[in-house]
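Chain residues, written in single-letter form:
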Amino acid sequence: MSVIEEERVRGAVFKDINAEDEDQQPTVIESLCMNCYENGSTRLLLTKIPFFKEIIISSFSCPHCNWTNTEIQSAGRIQEQGVLYTLQVKTKEDMNREVVKSDSASTRIPQLDFEIPAFTQKGCKCEGFVSRRATDPAVAEKIEEFIQRFKKLKEVEEEFTLIIDDPSGNSFIENPFAPQKDTALTVTHYKRTPEHNAALGIEAEEEENDEKPGNDLDAMRNEVLVFNTNCPECNAPANTNMKLVQIPHFKEVIIMATNCDSCGHRTNEVKSGGATEELGTRITLHLTDPSDMSRDLLKSETCSVLIPELEFELGMAALGGKFTTLEGLLKDIKDLIVSKNPFMCGDSSTADRAEKLELFGQKIDKIIAGEMDVHIILDDPAGNSYLQNVYAPDPDPEMKIEKYTRTFEQNEDLGLNDMKTEGYAEK
C-alpha cells in the first residue's frame, strides 16, 4: 500500500465528531480486566476533534467487578517542538481553565513535591492504597497530610503552580483572557532532546557526511533542497523546499516552505543562518499607511510580537520562524487566535469568549486596512529578526531599532547560560 493510499484509509477511519452520524459506532473488543483478571470489554472510537487533532477514545468496563476506566489517546502527528506550560493558580477562576493533557505530558505541582510522570496509567487501584494505610500508621499519617494539603490547593486557600511539560507539543492550557496576554500563564516551546524522541518513538536520523562544511553551504546557496514530510493540517504526504537566502541589509537565513496538494495548505518557516547576536533587538514600527502591510518581515523563533494598543503579546516560538510580509504576519496571528483556537468550538466555547475573539479579529482586519493607529513591536533577544526599511539606506522615520543587553532570564531561555565556549583549545 502506498503512502497516499494509507492516508486515504486514515481519513476514512478517523471521522469528525458528529452526534447525528449513526455509522460512527465504537468497536467493542474483549479485554482482560486488570482489577479482577476476568474478561471485560473495551470500546474504541476513532474520531477527530475540530480545530484539534485525531484521537482514540477507549472505555473499559468489567461486568464481574464493575471496574471502569476511560482514556483518550492522541492519534495525530507529533508537533515540531515540545511545550511547557507554567500556570500560577491564584484564584478559583484559574481552576475553571480548560486543560488538554496528552499521555506524553508530565504534570507537576512543586509546592506538594508531586508529579504525575508521562505515559503512566490514568486509573489506580484504591484497595491497595487503603490497605497500606491500615497496616502502616506512619505512611497513613503522611498520606492524610498530603490529602488535606491537596484539598486546600483545590479550594485555592493558598497559591500554587501547575506545570505541564509535553515533549509532543499536543497539550494545552486555556488563556481565558485571549487575545490579551495571560500574566498567570507562561508558555515555552523547546527543542526535544534525544531522550524525548526515544520516549515518543521518534527515531533520530544519523547524518553521515564526509564532505567539507563549506561545500555544503555552497550547494545550499545554489539550489533548492527538497525532502518528504507530512502536511501539518491534514497529515497527508507533502514536500518541503529548503533554500539558503541572503536578506538585503541583514544576514543569511534558511527558508523552508511546505505545499500540500491534498488540502492546499501552505506554510513557511525560517531558521537563522547565523549565530545568536551579542545584543537583543527591539523593532518598533508606527503604522501610518496601508502600504506598510507590504514590508518584508523576518520573525525568528525567538521573537515575540506586541501590539500595545490591543494589549496583545504573542510569545516567542508561538508561530515559529517566518519570512513573510507584515500583512501575512497579522493574518497568521488572526488565524492562530481566532480560527484555529481549540477552545472556540464545542463545550469549551462560550458566547462571551467567542464575542471577544471575534472583536479581536475585526481589529486585526482594521489594522490591515490602515484604519487603526497602532504600533507593531518585534522583540527578539537573539537579535535575528528583521523588518524592512523602505527608506534604506536612509533611516525610516516611522521605525525605531533598539539594541539591548539580554537579562539572565532571556539568556536562560536561549540556553546561553549553560553554553561553554572557552577552554576547548588543545593542550
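Residues numbered from 1 in each chain as written. Predicted model: local features only at pLDDT ≥ 70, side-chain atom pairs only at ≥ 80, totals over all residues. Heavy atoms only, no water.

In the annotation of an unreviewed UniProt entry, the chain is listed under the name Zinc finger protein ZPR1 and assigned to Cyprinus carpio carpio. The UniProt entry for the chain carries the following text under Sequence similarities (unreviewed entry): "Belongs to the ZPR1 family." (UniProt positions renumbered as here; feature names shortened; annotations may be inferred.)

Here we come to the sheet that holds strand β24 (residues 399–404). Spatially, five strands are ordered β20-β19-β22-β17-β24 in an open sheet, and the strand pairing comes out antiparallel. Where the open sheet ends on each side, the last strands, each with one partner, are β20 (312–314) and β24. Between one strand axis and the next, the sheet turns by 15 degrees as a mean value, whatever way the strands run. Helix α6 (residues 326–339) rests against β17 (280–286), β19 (304–307), β20 and β22 (375–380) of the sheet, and its axis sits at about 95 degrees to β20. (Pairing = 2+ DSSP bridges. Helix = DSSP H or I, 4+ residues; strand = E, 2+ residues; numbered from the N terminus. Axes fitted to C-alpha atoms, helices over the stretch in contact; angles between N-to-C directions. Contact = heavy atoms within 4.5 Å.)

Two side chains of opposite charge can pair, provided their charged atoms sit close to one another. Applying the stated criterion across every chain, the model contains eleven salt bridges. A salt bridge links Arg 97 to Asp 94; its shortest N-O distance comes to 3.2 Å. Between Arg 149 and Glu 158 there is a salt bridge, with its nearest N and O atoms 3.2 Å apart. Under the relative-accessibility criterion, Glu 158 is labelled partly exposed at 29%. (Salt bridge = Lys/Arg side-chain N within 4 Å of Asp/Glu carboxyl O. Buried < 20%, exposed > 50% of the residue type's maximum accessible area, 1.4 Å probe, protein only.)

One can expect most non-glycine residues to show negative phi and most peptide bonds to be in trans. Each neighbour pair has its own omega, and for Ala 392 with Pro 393 the value is 5 degrees, a cis peptide bond. Checked against the element boundaries, Pro 393 lands in the loop between β23 (386–387) and β24. You will see that Asn 66, though not glycine, has its phi angle at about 65 degrees, which is positive. Residue placement: Asn 66 occurs in the loop between β4 (54–61) and β5 (68–74).

If you trace the backbone, Thr 86 turns up in strand β6 (residues 82–89). Along the sequence, Thr 86 and Asp 165 sit 79 residues apart, while their C-alpha atoms lie 8.6 Å from each other. Apart from the residues within four sequence positions on either side, Thr 86 is in contact with Thr 161, Leu 162, Ile 163, Ala 184, Leu 185 and Thr 186.

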